[in-house]
Amino acid sequence: MSTALPSPRGSSEVERGDVAEVVALGNALTELFNALEMSQSAYAVRIHRDKSTVSRFLRGKKVASQDFVDRLVREVERRRGTSVKPEARRRLDQLRLAAVKVTDPAAYELEVLRAEMERSHREVDRLARQQEALHLLLERREAEFRAVQGELAQVQQDWREEVALRVRREDGFVGGERASLAEEVARLRADLAEATALRARAEQRCEDLEQRVREMEEELAAREIDAPGALPLPVLQERLKALWEEGKSQEAGRELTEAAQGRSVGELVELVSWLDLRGDLVRRNRLAEEVAHTRTVEVVAAFGTALMEVRTRRNPRRRRGTPSALDCLVDGACAVMSPADLVTLHRHWERAGQSQSRRSPLQDEVPQRLLNGARPADVAAEVFDLLGPGDESVLHVMHRDRAAPLSGGMLIALVPRLIERGNTELARTCCRVLGTRSKRLLEGWRAIPAWGELALAETDESQIRAFVLMAADQLSAELLAYLFIALVEPRIEYSRKQQEDAERFFQLCVAALYASGRISDVLAVLDEGGFPETKDKLPAKLREALLTYRP
């Protein structure tokens, strides 16, 4: 049965900067931060943190998280081109532990246990290497001992008188060497037994520490609502209203940031609903973004599921052009999470959707954002590769027809990356979707998005060639012609540089089309006609470009 955790000191003490240990940590971090030669606001943008949080860490108003300290050290090392001195790094860790000790004893105890556990793991690794080295040395010495034994037996077989004297001399030498080797073998066996016992004890120590860490983490998680300095939610709401009425928006913003970083999912949903009722949509959405940027993927997943349930129950009318808190949560998560975390988030929401009688929109949120260009194509390709070629949500998003079409530029950039990863089935799907979408856009008299410009920003010549060859292999002559018509359409609002980039991309595509051997098929479709009248100049322009192209 675990003992009760000591009560942490209130956050108000930290906020006033009355805790000397927190101030000392802030001063040390500020000294290190100054080496970056940049503003706190710019640094906050770089690390996806609220600038007020960065300011409070550096001014000693709040204990900096370990992630913040580690990231700052890495940024300074990158800036200087050299590593931070070990003694300076140790001093930072000591200052942070001292600050945590006085502001949150429970968290301090947990961090000390984790550090001890890490040291135990390192000791186990060291003993494992020592054990392996002793095994190898013992094997060599036993082999030498056997060789000396064999040599002595061979010499003793020669009974000739001339050799007898040499035998007596060598017997004394070899016998001494044999005795020495025997002693060393016995010593090595004893050392090996001792190392094995030490390793077993160290491994048991690691297991005990891991169990204590797990118990403490569970206990801390159980008292999440009673986090250090957390006010009851109604009290926090009254405090926020008072701060806004007094014009103290920055202080209120810090309170909301702290709420996003530490409140339970249930309280966060209540806070979002309260801000929604107040009509404070900007702060509501900022709160959701902060949750996405600072909380674990499990918390973000649970928060998103809860927001969807609330939205479904209330069935509110969305204000045109105004993103919801859920939109901002998903956008924030897709902007900063690693590919592995995005896959985990998608799986969480996929399971939540499977538990309902009808398909949940949450199942499509991550793939939709990635296919619309929320992250570079490399990241999107890695996520889709981790999800697998047959993921239903990815295919569902690709094939459904929405008012806001998928980014064709992203699909173009995805194709070669998926091919490189061996995910050719999804690459083929991307090509087929591009073909049908091009036809729909042209037949619907819609303006073609800037696919070429977007794709060129993320693809090189070899990747463009791989995309066109795949499209030529997968699309009918008609859809291939529609795709190239979409790529050739001019955009009036382009700058000169954008027009040049789009033209360069188109020329690279034409070169690859020649290499595919489908040029005659496309020309035959163009000669047949039948394209929308409002787009009648585009087929002619494409035909001219194909006929006049010279490799």
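Small disclaimer: the values here were computed from a predicted structure and weren't measured.

**Q** I'd love a proper account of the overall build of the protein, names of residues and values included.
**A** When helices and strands are tallied, the protein shows 26 helices and zero strands. Each of the 551 residues in the protein was classed as buried or not, and the buried ones make up 43%. Here the protein displays about 29200 Å² of accessible surface, and carbon together with sulfur accounts for 49% of that area.

**Q** So what's going on with the side chain of Arg 518? Residues and values would help.
**A** Tracing the chain through its elements places Arg 518 in the loop between helix 24 (496-516) and helix 25 (519-528). Using a relative accessible area of 16% as the deciding quantity, one classes Arg 518 as buried. Discounting chain neighbours no more than four positions away, the residues touching Arg 518 are Ala 472, Leu 475, Ser 476, Ala 477, Leu 480 and Leu 513.

**Q** Can you tell me about the nonpolar core, naming the residues and giving the values?
**A** Grouped together as the largest cluster of nonpolar side chains are 101 residues, with contacts concentrated most on Leu 329 and Phe 384. A per-element tally of this core places helix 23 (residues 477-488) first, with ten residues. Membership of the second largest hydrophobic core comes to 29 residues, among which are Leu 36, Phe 57, Ala 64 and Val 100.

**Q** Give a detailed account of the pattern of salt bridges, specifying residues and quantitative values.
**A** Evaluation of the coordinates by the stated rule reveals 26 salt bridges. For the salt bridge of Arg 369 with Asp 331, the shortest nitrogen-to-oxygen distance reads 2.6 Å. Of this pair, Arg 369 sits in helix 16 (residues 362-371) while Asp 331 sits in helix 14 (residues 325-336); the two residues are 38 residues apart in sequence, bridging distant segments of the chain. According to the relative accessible area criterion, Asp 331 is partly exposed, its value standing at 37%. Where Asp 385 meets Arg 421, a salt bridge forms, and the shortest distance between an N and an O atom there is 3.6 Å. One end of the pair, Asp 385, is in helix 17 (residues 377-387); the other, Arg 421, is in the loop between helix 19 (408-420) and helix 20 (424-443), and 36 residues separate them in sequence. Given a relative accessible area of 29%, Asp 385 falls into the partly exposed group.

**Q** If you had to explain unusual backbone geometry to someone new, which residues and values would you point to?
**A** Unusually for a residue other than glycine, Glu 37 sits at a positive phi of about 55 degrees. By the element assignment, Glu 37 lies in the loop between helix 2 (20-33) and helix 3 (40-46).

**Q** Quick one: what's the story with the confidence of the model for the protein, residue by residue and with numbers?
**A** With 75% of its residues at a pLDDT of 70 or more, the protein shows a mean pLDDT of 76. Mean pLDDT across the secondary structure elements of the protein bottoms out at helix 1 (residues 11-15), with 38, and peaks at helix 12 (residues 281-294), with 92. Low pLDDT, under 50, characterises residues 1-17; the predicted model gives this stretch 40 contacts beyond four residues in sequence or across chains. Here residues 159-163 is modelled with pLDDT under 50, and outside its nearest four sequence neighbours on either side it reaches one contact, counting other chains as well.

**Q** Outline the packing of aromatic side chains, listing residues and values.
**A** Taken as a whole and assessed by the stated rule, the structure comprises five aromatic pairs. With 6.3 Å between their ring centres and 85 degrees between their planes, Tyr 43 and Phe 68 make a pair best called edge-to-face. Highlighted residues: Tyr 43 in helix 3 and Phe 68 in helix 5 (residues 66-80), separated in sequence by 25 residues. For the pair Tyr 43 and Phe 68, one class covers both residues: buried. When the ring of Trp 244 is compared with that of Trp 274, the centres are 6.0 Å apart and the planes differ by 15 degrees; the resulting orientation is stacked. Highlighted residues: Trp 244 in helix 9 (residues 233-245) and Trp 274 in helix 11 (residues 265-277), separated in sequence by 30 residues. No difference in accessibility class separates Trp 244 from Trp 274, as the two residues are buried.

**Q** Pulling in residues and values, what's your account of helix 24?
**A** With 21 residues, helix 24 extends 30 Å from end C-alpha to end C-alpha; this agrees with the ideal 30 Å at 1.5 Å per step. Regarding helix 24, the residues found buried are Ala 502, Phe 505, Phe 506, Leu 508, Cys 509, Val 510, Ala 512 and Leu 513. After helix 24 finishes, the residue Gly 517 shows a positive phi value of roughly 80 degrees.

**Q** I'd like a rundown of the environment of Val 84, residues and numbers included.
**A** Within the secondary structure layout, Val 84 lies in the loop between helix 5 and helix 6 (86-103). As a C-alpha pair, Val 84 and Arg 74 span ten residues in sequence and 8.6 Å in three-dimensional space. In this structure Val 84 touches Val 73, Val 76, Glu 77 and Arg 89, once residues within four positions along its chain are discounted.

**Q** Can you lay out the packing of helix 11 against helix 12 for me, pointing to particular residues and giving the numbers?
**A** Where helix 11 meets helix 12, the closest approach of the two axes is 8 Å, and the angle between their N-to-C directions is 160 degrees. As far as their axial angle goes, helix 12 and helix 11 are roughly antiparallel. The handedness of the crossing between helix 11 and helix 12 is left-handed. Note on element contacts: helix 12 touches helix 11 through Leu 281, Arg 283, Arg 284, Leu 287 and Val 291, opposite Leu 268, Leu 271, Val 272, Leu 275 and Asp 276. Grouping the amino acids of the contact of helix 11 with helix 12 by side-chain chemistry returns seven nonpolar, no polar and three charged.

**Q** Go over the environment of His 396 with me, naming the residues and quoting the values.
**A** The residue His 396 is located in helix 18 (residues 392-399) in this model. With relative accessibility at 32%, the residue His 396 sits in the partly exposed group. Residues His 396 and Gln 368, 28 residues apart in the sequence, show an inter-C-alpha distance of 9.5 Å.

**Q** An account of the packing of helix 2 against helix 5 is requested, with residue identities and associated values reported.
**A** Packing of helix 2 against helix 5 leaves a shortest axis separation of 10 Å and a crossing angle of 25 degrees. Put simply, helix 2 runs roughly parallel to helix 5. Where helix 2 crosses over helix 5, the handedness of that crossing is left-handed. Of helix 5, the residues touching helix 2 (which contributes Leu 29, Leu 32 and Phe 33) are Phe 68, Val 69, Leu 72, Val 73 and Val 76. Each residue belonging to the contact of helix 2 with helix 5 can be placed in one class, and the counts come to eight nonpolar, no polar and no charged.

How each quantity is defined
Residues numbered from 1 in each chain as written. Predicted model: local features only at pLDDT ≥ 70, side-chain atom pairs only at ≥ 80, totals over all residues. Heavy atoms only, no water. Helix = DSSP H or I, 4+ residues; strand = E, 2+ residues; numbered from the N terminus. Buried < 20%, exposed > 50% of the residue type's maximum accessible area, 1.4 Å probe, protein only. Areas by Shrake-Rupley, 256 points an atom, 1.4 Å probe, with all protein chains shown as cover. Contact = heavy atoms within 4.5 Å. Core = buried A, V, L, I, M, F, W, Y, C linked by side-chain atoms within 4.5 Å. Salt bridge = Lys/Arg side-chain N within 4 Å of Asp/Glu carboxyl O. pLDDT = per-residue confidence, 0-100. Phe/Tyr/Trp six-rings, centres within 6.5 Å; stacked < 30°, edge-to-face > 60°. Expected span 1.5 Å × (residues − 1). Axes fitted to C-alpha atoms, helices over the stretch in contact; angles between N-to-C directions. Parallel < 35°, antiparallel > 145°, perpendicular 65-115°, else oblique. Left-handed = near helix turned anticlockwise from the far one by under 90°. Nonpolar A, V, L, I, M, F, W, Y, C, P; charged D, E, K, R; others polar.

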